[in-house]
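Remarks on the overall topology
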Amino acid sequence: MKKGKFYITTPIYYVNDVPHIGHAYTTIAADIIARWHRLLREDVFFLTGTDEHGQKVEEAAKAKGMKPQLFVNSVMRRFKEAWKMLNISNDFFIRTTSEKHKAVVQKIVKKMKKDIYRGVYEGQYCIPCESYWTKSQLIDGKCPECGRETGLIKEDSYFFKLSKYRKKLLELYKKNPQFIMPFNRKEEIISRVKEGLQDLSITRTTFRWGVPFPLNSKHICYVWIDALINYLSALNYPDKKFKCYWPADVHLIGKEILWFHAVIWPAMLMAAGLPLPKQIFAHGWMTINGEKMSKSKGNFIPPKDMVMKYGVDGLRYFLMRSIPFGQDGDFNEKALKQRYNTELADKLGNLVSRVVGLAEKFLKGKIPQGRIDDQLVDQLQFEDVKKHMAELELDKALALIFAFVDSCNLYIQEKRPWDIPWEIPPEPDSMEKVSNILYTLIDSLRVTAILLSPFMPETAEKIARQLGVKLGTLHECKFGLTKATKIKKGPVLFEKIKVKD
Ligand code: MSP
């Protein structure tokens, strides 16, 4: 029986460029959270997709000499392929150029009508960030977000009365301390909102690549208004799915787009009279060898390059293990290689081959249901793993799972089943001892595989197959559930990689 619903989203990615490791980072994290909630037997809806309108995308299409729709179709496919390769289990992929989405944008804008008025926008605009800035917000005359040149625009525009929602937003943050997570990012937003909010220009007239504005067809919707509404259109607002899954439980995003999600989006929903999401979680920014990722610096990493070398699970593991989730962090291939070799190949991979090897050697692979040794299984900090997952401390949860892998390795070292006197036929006493040690290890590996399955789904399946057991949900994360089983040795889980200095 399902236990409640869980709706999680990633940002929808701009299709001006192909997917890179930064997009993969968010999408993998969201996938892990979605899979974890499926383990909790919740009815999960996991959404990702592409943001296909706006000036930046239109310019990228022009630069390729392509019609925008054909261009976005081709880049969108690259995102879908990347997510398939990375084993992303999204339930839907939303595209903002779909007719369904466009219709929902128009519906929601109409619902916000009482808070929309006409005027003239004059100010700075950063095309790469698709953001409006006032002169005083610029840093050294450049975009405060990306540091690039902004352009002055002056055009007839419709405005959303964002300023009206200042007090309501402050109340929201106060009443719901977990609305903006992690906590350190909340204070920054609160102090900016306290300073005062300016009404937001929500239409453009100087280009056409967008959703027609329903109140005046000479205008198109500002790309962020269009994009945020994807979280509703993907649920076929206002139909059954919307009723079932809205409000979102977590909008997972990168920290640079927190303002849009924690300020503009709730204000839009308030204006439209709709319930608000429960949480906006903004993770940190990932640099590449200490530098911001960019094509011009030549450090733009497509996820495929890493998957070819370290496998899908090698990459998924490293991204989640090496950066404290929520904080900024660095992607460094040397560190990836090291973790791959020491933690995946030497610790996890080796543990599985050892246990399977011993089971074959001593018991011909046939393990009867035995007695669990609490000395080992008490080492698993299951409640803490659950707590970390609930707080989205993904790195900490993964570290605890691997601490249990360490405990299993130590347990074998200490019990030394190979030293137990073993003649043929073995003494019943020796047989029982070895059998119980191996049963404890096999059952521990089964539980470990379940806990690892959101992080490394392929590896978890491979472990279960070798143990001759089925993966289950968190309900099956109890020790002693493995029945008599037949072990099937499989290929090494992680082949060691040579590390060059
Ligand atoms: N289209 C908007 C989002 C609209 S959501 C309604 C957008 N798209 S984006 O293509 O620029 O993607 C930004 C997101 O990609 C970030 O918020 C983050 O989730 C992810 N990342 C892109 N580069 C990243 C890093 N270098 N590090 C971490 N995350 C990164 O903004």
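Treat the numbers as computed from the prediction; the structure is a model and nothing was measured.

Describing the nonpolar core
- Counting 111 residues, the largest nonpolar core has I21, M320, F331 and F455 as the members making the most contacts within it.
- Element by element, the count of residues in this core is highest for helix α12 (residues 333-363), at 13 residues.
- Excluding anything up to four places from it in sequence, F331 contacts I21, M286, T287, I288, N289, I301, M306, L315, F318, L319 and L336.

Things to note about the packing of aromatic side chains
- Tallying each qualifying case throughout the model produces 27 aromatic pairs.
- Here F281 and F325 contribute two aromatic rings whose centre-to-centre distance is 5.4 Å and whose plane-to-plane angle is 10 degrees, an arrangement assigned as stacked. Of this pair, F281 sits in strand β12 (residues 280-283) while F325 is found in the loop between α11 (303-322) and β14 (329-331), placing the two residues 44 residues apart along the sequence.
- Using a relative accessible area of 8% as the deciding quantity, one classes F325 as buried.
- Across from the ring centre of W259, 3.8 Å away, lies the NZ or CZ of R192, which sits over that ring.

Concerning the layout of surface pockets
- Within this model, the second largest pocket holds a volume of roughly 250 Å³.
- Along the walls of the second largest pocket sit 13 residues, with P182, F325, Q327, E393 and K396 positioned nearest its centre.
- Counting only elements with at least two residues in the lining of the second largest pocket, the list comes to α6 (183-195) and α15 (394-415).
- For the lining of the second largest pocket, the class distribution of residues is 6 nonpolar, 3 polar and 4 charged.

Things to note about the side chain of Q466
- Structurally, the position occupied by Q466 is in helix α17 (residues 457-467).
- Classification of Q466 as buried rests on a relative accessible area of 6%.
- Engagement of the side chain of Q466 in a polar contact is seen with the backbone nitrogen of G490, the distance being 3.1 Å.
- For Q466, the residues in contact, after removing those within four places along its chain, are V352, V356, K486, I487, K488, K489, G490, P491 and L493.

What counts, and where the lines are drawn
- Residues numbered from 1 in each chain as written.
- Predicted model: local features only at pLDDT ≥ 70, side-chain atom pairs only at ≥ 80, totals over all residues.
- Heavy atoms only, no water.
- Core = buried A, V, L, I, M, F, W, Y, C linked by side-chain atoms within 4.5 Å.
- Buried < 20%, exposed > 50% of the residue type's maximum accessible area, 1.4 Å probe, protein only.
- Helix = DSSP H or I, 4+ residues; strand = E, 2+ residues; numbered from the N terminus.
- Contact = heavy atoms within 4.5 Å.
- Phe/Tyr/Trp six-rings, centres within 6.5 Å; stacked < 30°, edge-to-face > 60°.
- Lys NZ or Arg CZ within 6 Å of the ring centre and 35° of its normal.
- 1 Å grid on protein atoms, 1.4 Å probe; cavity = no way out; pocket = protein on both sides within 12 Å on 5 of 7 lines; lining within 4 Å.
- Points joined across faces, edges and corners; volume = space filled by probe spheres on them.
- Nonpolar A, V, L, I, M, F, W, Y, C, P; charged D, E, K, R; others polar.
- Polar contact = N/O pair within 3.5 Å; in protein donor to acceptor, adjacent residues only side chain to side chain.

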